[in-house]
Amino acid sequence: WTKDELAALSKAIKKYPAGGAARWDAIANFINNLCKQEEPRTKEECIEKYNQVASAPAAKDTSASQAAADDKAWTEKEDTLLQDMLRKYPASMEKNERWKSIAEGVPGKSKKECVERFKAIREAVKKGKN
């Protein structure tokens, strides 16, 4: 998978939410229309790559984690800092203030990036339990 294809996969996952009719066909078409590779991606390849990205630790495969973290890879250290900050600032805090505080504890990451990473990790954990 090229960087462009991974970025397109990331965008398509957000554009076509789970539960939509023919979601994976739409995602494959989106990637193929955007990237115009010699060999178009099948929906099966898209599903397989998405599952790899969703379950991969951030530090192991930077190209895959870039798609999962909206084109900015998370290192193992940043993931650990995020987890530490999530424990330090409880969900009982006001939401905006909590995420602002969490982001301050993870150098180089914005509030939005922290929220998105948290959601990606939460989804991966949910999928792992099924």
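The structure displayed is predicted, hence computed values, not measured ones.

So, how was this worked out
Residues numbered from 1 in each chain as written. Predicted model: local features only at pLDDT ≥ 70, side-chain atom pairs only at ≥ 80, totals over all residues. Heavy atoms only, no water. Axes fitted to C-alpha atoms, helices over the stretch in contact; angles between N-to-C directions. Helix = DSSP H or I, 4+ residues; strand = E, 2+ residues; numbered from the N terminus. Parallel < 35°, antiparallel > 145°, perpendicular 65-115°, else oblique. Contact = heavy atoms within 4.5 Å. Salt bridge = Lys/Arg side-chain N within 4 Å of Asp/Glu carboxyl O. Buried < 20%, exposed > 50% of the residue type's maximum accessible area, 1.4 Å probe, protein only. Core = buried A, V, L, I, M, F, W, Y, C linked by side-chain atoms within 4.5 Å. Left-handed = near helix turned anticlockwise from the far one by under 90°. Nonpolar A, V, L, I, M, F, W, Y, C, P; charged D, E, K, R; others polar. Disulfide = S-S within 2.5 Å. Polar contact = N/O pair within 3.5 Å; in protein donor to acceptor, adjacent residues only side chain to side chain.

**Things to note about the packing of helix H2 (residues 23–35) against helix H3 (residues 43–55)**
At a minimum axis distance of 8 Å, the contact between H2 and H3 shows a crossing angle of 95°. With respect to H3, the axis of H2 lies roughly perpendicular. Between H2 and H3, the residues in contact are Trp24, Asp25, Ile27, Ala28 and Ile31 and Lys43, Cys46, Ile47 and Tyr50, respectively.

**Focus: the pattern of salt bridges**
Counted by the stated rule, this structure contains 6 salt bridges. Note that Glu45 and Arg41 form a salt bridge whose closest N and O atoms lie 3.5 Å from each other. With a relative accessible area of 30%, Glu45 lands in the partly exposed category. According to the relative accessible area criterion, Arg41 is buried, its value standing at 17%.

**Examining the nonpolar core**
The biggest cluster of nonpolar side chains holds 12 residues, and these are Ala8, Leu9, Ala12, Ile13, Trp24, Ile27, Ala28, Phe30, Ile31, Cys35, Cys46 and Tyr50. Looking at this core, the elements that each hand over two or more residues are helix H1 (3–15), H2 and H3. Looking at which element gives the most residues to this core, the answer is H2, with 6 residues. What Ile31 contacts, discounting residues up to four positions off in sequence, is Trp1, Glu5, Ala8, Leu9, Lys36, Arg41 and Cys46. Ranked by size, the runner-up nonpolar core spans 10 residues in total, among them Leu82, Met85, Val106 and Cys114.

**With respect to the packing of H1 against H2**
Between H1 and H2, the least distance of the axes is 9 Å, while the angle of their chain directions is 140°. Taken together, the axis directions place H1 and H2 in an arrangement best described as oblique. Between H1 and H2 the crossing geometry is right-handed. Together, Asp4, Glu5, Ala8, Leu9, Lys11, Ala12, Ile13 and Lys15 of H1 and Arg23, Trp24, Ile27, Phe30, Ile31, Leu34 and Cys35 of H2 make up the contact between the two elements. For the contact of H1 with H2, a count of residues per class yields 10 nonpolar, no polar and 5 charged.

**Examining the state of the cysteines**
Under the counting rule described, the total for this entry stands at 0 disulfides. Lacking any disulfide linkage, Cys35 is separated from the closest cysteine sulfur, that of Cys46, by 9.8 Å. Cys35 gets classed as buried once you look at its relative accessible area, which sits at 18%.

**Quick look at helix H6 (residues 95–104)**
Because an α-helix packs 3.6 residues into every turn, residues spaced three or four apart end up facing the same way. Along H6, the residues that are buried comprise Arg98, Trp99, Ser101, Ile102 and Ala103. By the N-cap criterion, in which a side-chain oxygen at the helix start approaches the backbone nitrogen of a residue two or three places on, H6 is capped by Glu94, the distance to Asn96 being 3.2 Å.

**Thoughts on unusual backbone geometry**
Excluding glycine, residues mostly have negative phi values, and the peptide bonds linking residues are mostly trans. For Lys36, which is not glycine, the phi torsion reads 50° and is therefore positive. Relative to the assigned elements, Lys36 resides in the loop between H2 and H3. A relative accessible area of 64% places Lys36 in the exposed class.

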